[in-house]
Amino acid sequence: MNTESETSRTAEEKTRNLRQEFSELPFDRKIATLVQLETVAATEAFEKIANASAALGKKIFDNFMCDDSAHSDERTPPEKGKPV
């Protein structure tokens, strides 16, 4: 069972190791790695934006459909001849 401090320490060690590995790379590999990381970050950002837009669109659609069905009940005149 990992405690929070152990997990934090492990994350810090991983970060330190990654920085060390990155600093040892030749310049062209550093640039290539940075481009790859930026691509991953941009892709994740676009996915979050798309998901947020879809969720907002769904909420708007659901609210519109809910309001529309409530209004359609008001617009339909009661049927004559049927006891209420």
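Shown above is the structure to which this text applies.
A few points on the structure. For every chain, the first residue of the written sequence is number 1, and numbering continues from 1 onward in sequence order. Confidence filtering applies because this is a predicted model: local features only for residues at pLDDT of at least 70, side-chain atom pairs given and counted only at 80 or more, and all residues used for totals across whole chains, interfaces and linings. Each side-chain value is worked out from all heavy atoms of the structure, with water and hydrogens disregarded.

Digging into the overall build of the chain
Which entries qualify depends on this criterion: Strands are runs of DSSP state E lasting at least 2 residues, helices are runs of H or I lasting at least 4, and numbering of each runs from the N terminus. A 1.4 Å probe rolled over the protein chains alone gives each residue an accessible area, and that area as a share of the maximum for its type sets the label: buried under 20%, exposed over 50%, partly exposed in between. Here the accessible surface of atoms and residues is derived via Shrake-Rupley with a 1.4 Å probe, and residues count as covered only by protein chains that are part of the display.
In terms of regular secondary structure, the chain is built from two helices and zero strands. A buried classification covers 1% of the 84 residues belonging to the chain. If you sum the accessible surface of the chain, you get close to 8,000 Å²; carbon and sulfur atoms cover 60% of it.

Structural notes on the side chain of T33
Formally: Between two residues, a contact is recorded if the distance between any of their heavy atoms is within 4.5 Å.
Structurally, T33 can be placed in helix 2 (residues 27–75). Relative accessible area serves as the criterion here: at 19%, T33 is assigned to the buried category. Aside from chain neighbours lying at most four places away, what touches T33 is F22 and L25.

Comments concerning a nonpolar patch on the surface
For clarity, the cut-off: Exposure above 30% relative accessible area and no salt bridge define the residues that can form patches, which grow by joining like charges within 9 Å and nonpolar side chains of Val, Leu, Ile, Met, Phe, Trp and Tyr within 5 Å. Definition used for salt bridges: Asp or Glu carboxyl oxygen within 4 Å of a side-chain nitrogen of Lys or Arg.
Judged by side-chain polarity, F27, I31, L34, V35 and L37 come together as a nonpolar surface patch covering roughly 500 Å² of accessible area. Note that I31 resides in helix 2. You can call I31 partly exposed: its relative accessible area is 39%.

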